[in-house]
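Below, each chain spelled out in residue letters.
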Protein chains: 2
Amino acid sequence: MNTERLIYLPLGGAGEIGINAYVYGYGKPNRERLILVDLGVAFPDMDSSPGVNLIFPDVSWLAERSDRLEAIFITHGHEDHVGAVAHHYSELHAPIYARPFTANVARMKMYENGQPDDAVSAVEPWPARVEVGPFSVGFVPITHSIPENSGLVIDTPCGRLVHSGDFKLDSSPVLGGPFDENLWRSLAKPGVQALMCDSTNVFAANEGRSEGSLSAHIERAVLGCKGMFVATTFASNVARVKTLAESGEKAGRKICLMGRAMKRMANASVKMGIMPEFPSTVDIRDIKNHPREELMLIVTGSQGERRAASAQLSKGKYNGISMKPGDTFLFSSKTIPGNERGVLRVINDFSKIGVNVIDDASDDYHVSGHANRPDLARMHDILKPRFIVPIHGEHRHLREHVALANNRGYRGVFSANGMMMDLSGPEAAEAGHIDVGRIYLDGKMKIGAYDGIIRDRLSLARDGHVAVSVVVDSHMDTIYGPWCKTVGLSRDGASGSPLTDVIEDDLGDFIDKTFKRLLAEDGDVEDEIRAIVRKRIMAETGKRPHISVSINQVGE
Amino acid sequence: MNTERLIYLPLGGAGEIGINAYVYGYGKPNRERLILVDLGVAFPDMDSSPGVNLIFPDVSWLAERSDRLEAIFITHGHEDHVGAVAHHYSELHAPIYARPFTANVARMKMYENGQPDDAVSAVEPWPARVEVGPFSVGFVPITHSIPENSGLVIDTPCGRLVHSGDFKLDSSPVLGGPFDENLWRSLAKPGVQALMCDSTNVFAANEGRSEGSLSAHIERAVLGCKGMFVATTFASNVARVKTLAESGEKAGRKICLMGRAMKRMANASVKMGIMPEFPSTVDIRDIKNHPREELMLIVTGSQGERRAASAQLSKGKYNGISMKPGDTFLFSSKTIPGNERGVLRVINDFSKIGVNVIDDASDDYHVSGHANRPDLARMHDILKPRFIVPIHGEHRHLREHVALANNRGYRGVFSANGMMMDLSGPEAAEAGHIDVGRIYLDGKMKIGAYDGIIRDRLSLARDGHVAVSVVVDSHMDTIYGPWCKTVGLSRDGASGSPLTDVIEDDLGDFIDKTFKRLLAEDGDVEDEIRAIVRKRIMAETGKRPHISVSINQVGE
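Definitions and cut-offs
Residues numbered from 1 in each chain as written. Chains lettered and ligands numbered in written order. Predicted model: local features only at pLDDT ≥ 70, side-chain atom pairs only at ≥ 80, totals over all residues. Heavy atoms only, no water. Helix = DSSP H or I, 4+ residues; strand = E, 2+ residues; numbered from the N terminus. Expected span 1.5 Å × (residues − 1). Buried < 20%, exposed > 50% of the residue type's maximum accessible area, 1.4 Å probe, protein only. Arc of directions from axis to C-beta. Pairing = 2+ DSSP bridges. Least-squares fit on C-alpha atoms with pLDDT ≥ 70 in both. Contact = heavy atoms within 4.5 Å. Patch = residues over 30% accessible without salt bridge, like charges linked within 9 Å, V, L, I, M, F, W, Y side chains within 5 Å. Areas by Shrake-Rupley, 256 points an atom, 1.4 Å probe, with all protein chains shown as cover. Salt bridge = Lys/Arg side-chain N within 4 Å of Asp/Glu carboxyl O. Lys, Arg positive; Asp, Glu negative; His and termini not counted. Charge placed at Lys NZ, Arg CZ, Asp CG, Glu CD. Axes fitted to C-alpha atoms, helices over the stretch in contact; angles between N-to-C directions. Polar contact = N/O pair within 3.5 Å; in protein donor to acceptor, adjacent residues only side chain to side chain. Nonpolar A, V, L, I, M, F, W, Y, C, P; charged D, E, K, R; others polar. Parallel < 35°, antiparallel > 145°, perpendicular 65-115°, else oblique. Left-handed = near helix turned anticlockwise from the far one by under 90°. Phe/Tyr/Trp six-rings, centres within 6.5 Å; stacked < 30°, edge-to-face > 60°.

1. Structural notes on helix α15 (residues 525-541) of chain B
Residue and element names in this part refer to chain B.
Right, so step 1: Taking 1.5 Å per residue, 17 residues should reach 24 Å; α15 reaches 24 Å between its end C-alpha atoms and fits that length.
Right, so step 2: All buried positions along α15 are accounted for by Val525, Ile529, Ile532, Val533, Ile537, Glu540 and Thr541. The buried side chains of α15 occupy one side of the element, clustering within an arc of 130 degrees when seen end-on.
Right, so step 3: In the stretch just after α15, Gly542 is the one whose phi turns positive, near 75 degrees.

Structure, rendered in structure tokens:
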């Protein structure tokens, strides 16, 4: 057990789509030098994380070993890969490497969160390398949906690893060069010990379609629209924003970008020379100088987010612009599971205005940025790795991807978040298990997913809150109150009386009869009060609210 | 304005899928005699109705006119058509008519809610009629997915109305007879003034498929499974339960029904002679006497509901039965928008156990119970009504269905919840607008959707709660406290101190300096306290909790 080994440990992304964070290590057991690939976020929902701003991986395992952490590598600028980089920097303190566009995104995040943006270094693509500890890491360009997306070659004393990152095999992308099969074949020459491979679309049976296939459809839709044309997609899908803008321009429209994130991403791409040929855009303030039928807006809010441009437009106005009958609204996007209700609300609100909506039911206006099942098989065959380790997927995706690998004669290795694998030898072996949690950004504070705070909030959401206060004097023999306030409960109960009255009556009886004796006996008065309130509210309303009891002592 | 007229007023179902409740009236304006067709519920979600049990239509308009309400007709036994019948009976007090199977469902609901079940009368199908006031109503059998589903013929002095209810045009259903085109053509002979028509699948471009087309696929899936086979669908989709059971039996399996709703619906159908040929089932207690590979379970929980059999099985055990690697779990259902996350959780949990999941991605194991676009057009042509009034759809469905009617030479009439239409004459005319809300069953209580209770709960869910109490004596000059309790907030704030400490400090300062003067001046002390707490919590945590302040007066 004292020889060097190569380990792999996903802290996020292997068991969900989002929150990517993958650790690689090389060295003697428990003395391995480490690198981290990606450090992303996920987004909250009312069902499991109400009120939360962002969801981070729990990197405490890594933070406790930050003296062994050589560097952080970011494959591309999407939130699920770069979003947590600034929030965890103070715990990890490792240099961050990325290609220039991604580095720019990461630096903005560092700056906005009061972290040193010079911790981020921009690096050139393959064949350039970053040498850190026992690792030599290169960024290999590959098609996705954002500029400078890369897979990583990670050379180690135990051989070459390839971390695919997010990818598709696109021969006619609208951003960057096409998938370069020869380049990727050349990576396999020295042999590949393991491929950590995107699993998002492992259930998609057909070959993926190219981003380039969309423009004709979009242009036709724009030409068919007699009013204003509005399209939405993820702001971070820079390729799609470009496809939309170019198709709109071909159809004779002036392009206007709306929504902070949309403008920011597109401007960064233009400024960095990644999209020199992006159509010139109209400023929102100048929109009124153009006839509606000559305009195409590209807006945020493809997932029906309440505050984004699309939802605001569907409710009436946004930035002084309103939609009218005869306008068209295009979802050039796919609804992420869980967001359906929000998207349908936007569609129905547009329907009320008389706007024609092209939803995501057709494949003509959206392609995925991820490799489908046959594309994954092709990538396996290009790299011919000893191990195929599925990443970037829910449990079902990872399991299916392992089966795909095994069925085609490769060794699929299943590793979900927290499962450390030893990949040094001819066989992969489990090397331990780490408890991985989730950290929530909640306003300004970081809270643990299992701290009980969220559990309490969900209980408040379902059953409301009752605050009870009782006052005793210093000798415990004069008692005032009780007073009671409810939130999130009906005013009256089944008896027809106000809830607060019946509770105060119940507690009054209790106080007269039992309270002093219990206090004297050191009994749990708070618990007793809570039980009385709980019972009465259940009888009156059938609800189980959270009950806060304060017993206040007054006087000297 | 003093001549009789025929009116139509949807109180639910025209603007959503669920909560069906349609009023028809005939008579002099504001003296019309009324009937109600269907009285259904919808189901809550965390985003907009946390903690709620059921969503009812607001029938207060009708309750205020219950002396004019002749009867309630229920088209079929699905919850979105019959679910609210018992909860609103005490307000409406009208006789309820339905075919025997549906009447049985309605009676059970009445009984369970302490309402008189003899208010429900079972009636024979067309050509039998129920004569109520100026209306003559007949139940016309039509294919859907539950026994004895019917459309209604409503003859009025202004001509014949046809209320389609839920329907599909199925020539080989597994329950009841096939769609009888000749019968439906015969309904059109006297001319149809208006067709109120199901809009659920107006966006589905191809002809609907028959329930009968599924059995071969399901049988094949069962034969291909080496372990236990488990399938889920809606318990109320009695046709599907039958298809599943028969396919399983053909594949040599013993059938076991699991989940209260599943057994209840199937038993009722068998007992009433509607499914005499239903395969004999194994009792759950006897399951252990059968080898796993000879069993097929049909279970509740097709929407990933946490407490249903499927979610329980995915978490480990249910009724002593656990799933094992090599078992198969089939979703013979479609995921309703908004339920995706729950369904994916179940699928991933099964994946962790090693169970093969057949999700709803394939069309082989599920068909819709509703007519697709070409089927709707066919129904229009069979009945050739003067007006086509889309029902049973969100706004976008109704709008699209009106367009479909208009494009094919009919007169589509758009009427969303609360829009009263006068359908007496050769042209349809708006005849008023009613405010329609939603009533929530919340534990035992009925609350209004806009009473503020749910708004408060959503705010509690996002930002938690702070209870503050301050005590003053009867002369307002001795003050104790303040005391503070938080729920759903992190214990410490950004300053590193416990939130409750910093709040109590702030309030202490305020009380020393300003409190007495404000009280003396009759200022709003509560508001002032709330502002201080709000400001501090925002500074410490970035959150905006609900703040309950109680100022308690003690002493004589």
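Still to come is the rest of the account.
2. Notes on the pairing of strand β25 (residues 429-433) of chain A
All names here are of chain A.
Right, so step 1: Summarising the sheet, strand β24 (residues 419-422) and β25 pair through 3 bridges and their orientation is antiparallel. Looking at β25, one finds that Met421 is bridged to Glu430.
Right, so step 2: The antiparallel hairpin formed by β24 and β25 contains 6 residues in its connecting segment.

3. Considering the relation of the copies chain B and chain A
Right, so step 1: When chain B is fitted onto chain A, the two copies agree to an RMSD of 0.1 Å after a turn of 180 degrees and an axial shift of 0.0 Å. On the angle and the small slide along the axis, the relation comes out as a two-fold axis. Taking C-alpha positions as the reference, the residue of chain B nearest the rotation axis is Ala461(B), at 2.4 Å.
Right, so step 2: Take the interface residues of chain B: 100% of them recur as interface residues in chain A, which is what a same-surface contact looks like.

4. A look at a negative patch on the surface
Right, so step 1: A surface patch of negative charge is lined by Asp501(A), Asp505(A), Asp509(A) and Asp512(A).
Right, so step 2: Assessed through its relative accessible area of 65%, Asp512(A) is described here as exposed.

5. Brief notes about the pairing of strand β3 (residues 21-27) of chain A
Residues and elements named next belong to chain A.
Right, so step 1: Judged by how many residues are buried, β3 sits mostly within the fold: 7 of 7 residues are covered.
Right, so step 2: Judged by which residues are buried, β3 turns out to be covered on both faces: Ala21, Val23, Gly25 and Gly27 on one side and Tyr22, Tyr24 and Tyr26 on the other are all buried.
Right, so step 3: Strand direction decides the pairing type here: strand β1 (residues 5-12) and β3, joined by 7 bridges, are antiparallel. For Arg5, the partnering residue across the bridge sits in β3 and is Gly27.

6. Observations regarding the sheet that holds strand β15 (residues 254-258) of chain A
Adjacent strands of a sheet form backbone hydrogen bonds with each other and so pair up, either parallel or antiparallel.
All names here are of chain A.
Right, so step 1: Strand order across the open sheet formed by 5 strands is β15-β16-β14-β19-β20, with parallel pairing between neighbours. The open sheet has two free edges, formed respectively by β15 and β20 (356-358), since each of these has just one partner strand. Ignoring strand direction, the axes of neighbouring strands in this sheet form an average angle of 20 degrees.
Right, so step 2: Where strand β14 (residues 229-232) and strand β16 (residues 295-299) come together, 4 bridges link them in parallel fashion. The residue bridging Phe229 from the neighbouring strand is Met296, located in β16.

7. A closer look at the sheet that holds strand β23 (residues 411-412) of chain A
All names here are of chain A.
Right, so step 1: What the 7 strands build is an open sheet, ordered β9-β10-β11-β12-β13-β21-β23; its pairing is mixed. The sheet is open, and its two edges are formed by β9 (130-132) and β23, each paired on a single side.
Right, so step 2: Bridging between β9 and strand β10 (residues 135-141) involves 3 bridges; their strand directions are antiparallel. The partner of Glu131 across the bridge, within β10, is Ser136.
Right, so step 3: Across the face of the sheet, helix α11 (residues 373-383) comes into contact with β12 (159-163), β13 (192-198) and β21 (387-391) while running at roughly 165 degrees to β13.
Right, so step 4: In this fold helix α12 (residues 395-407) packs onto β13, β21 and β23, with an angle of close to 160 degrees to the strand it touches most, β21.

8. Examining the interface of chain B and chain A
Right, so step 1: Between chain B and chain A, the contact holds 66 residues from the first and 66 residues from the second.
Right, so step 2: Summed over the shared surface of chain B and chain A, the result is 6 salt bridges.
Right, so step 3: The salt bridge partner of Arg341(A) is Asp45(B), with a shortest N-O separation of 3.4 Å.
Right, so step 4: Counting across the interface, chain B meets chain A through 30 residue pairs in polar contact (both at pLDDT 80 or more).
Right, so step 5: Those elements that provide at least two residues to the side of chain B that touches chain A are α10 (340-353), α12 (395-407), β27 (445-448), α13 (453-463), β28 (465-473), β29 (479-487), α15 and β30 (546-554) of chain B.
Right, so step 6: With 8 residues, α13(B) is the single largest residue contributor to the side of chain B that touches chain A.
Right, so step 7: In the side of chain B that touches chain A, the residues fall into 23 nonpolar, 23 polar and 20 charged.

9. Some remarks on the packing of helix α4 (residues 100-112) of chain A against helix α8 (residues 260-271) of chain A
All names here are of chain A.
Right, so step 1: Relative orientation of the contacting elements α4 and α8 amounts to 130 degrees, with a least axis distance of 10 Å. Between α4 and α8, the angle is such that the two are oblique. At the point where α4 passes α8, the crossing takes the right-handed sense. Along the contact surface, α4 presents Phe101, Asn104, Val105, Met108 and Glu112, while α8 presents Arg264, Met265, Ala268 and Ser269.
Right, so step 2: Residues belonging to the contact of α4 with α8 are distributed by class as follows: 5 nonpolar, 2 polar and 2 charged.

10. Looking at the packing of aromatic side chains
Right, so step 1: Across all of its chains, the model carries 12 aromatic pairs over all chains by this definition.
Right, so step 2: A ring pair is formed by Tyr8(B) and Tyr24(B), whose centres lie 5.5 Å apart and whose planes are at 45 degrees; its orientation type is tilted. Within this pair, whereas Tyr8(B) is found in strand β1 (residues 5-12), its partner Tyr24(B) is found in strand β3 (residues 21-27), the two being separated by 16 residues in sequence.
Right, so step 3: A residue is classified by how much of its surface remains accessible, and Tyr8(B), at 0% relative accessible area, is buried.
Right, so step 4: Tyr24(B) sits in the buried class, given a relative accessible area of 0%.
Right, so step 5: The rings of Phe73(A), Tyr97(A) and Phe139(A) are connected pair by pair, giving a single aromatic cluster.

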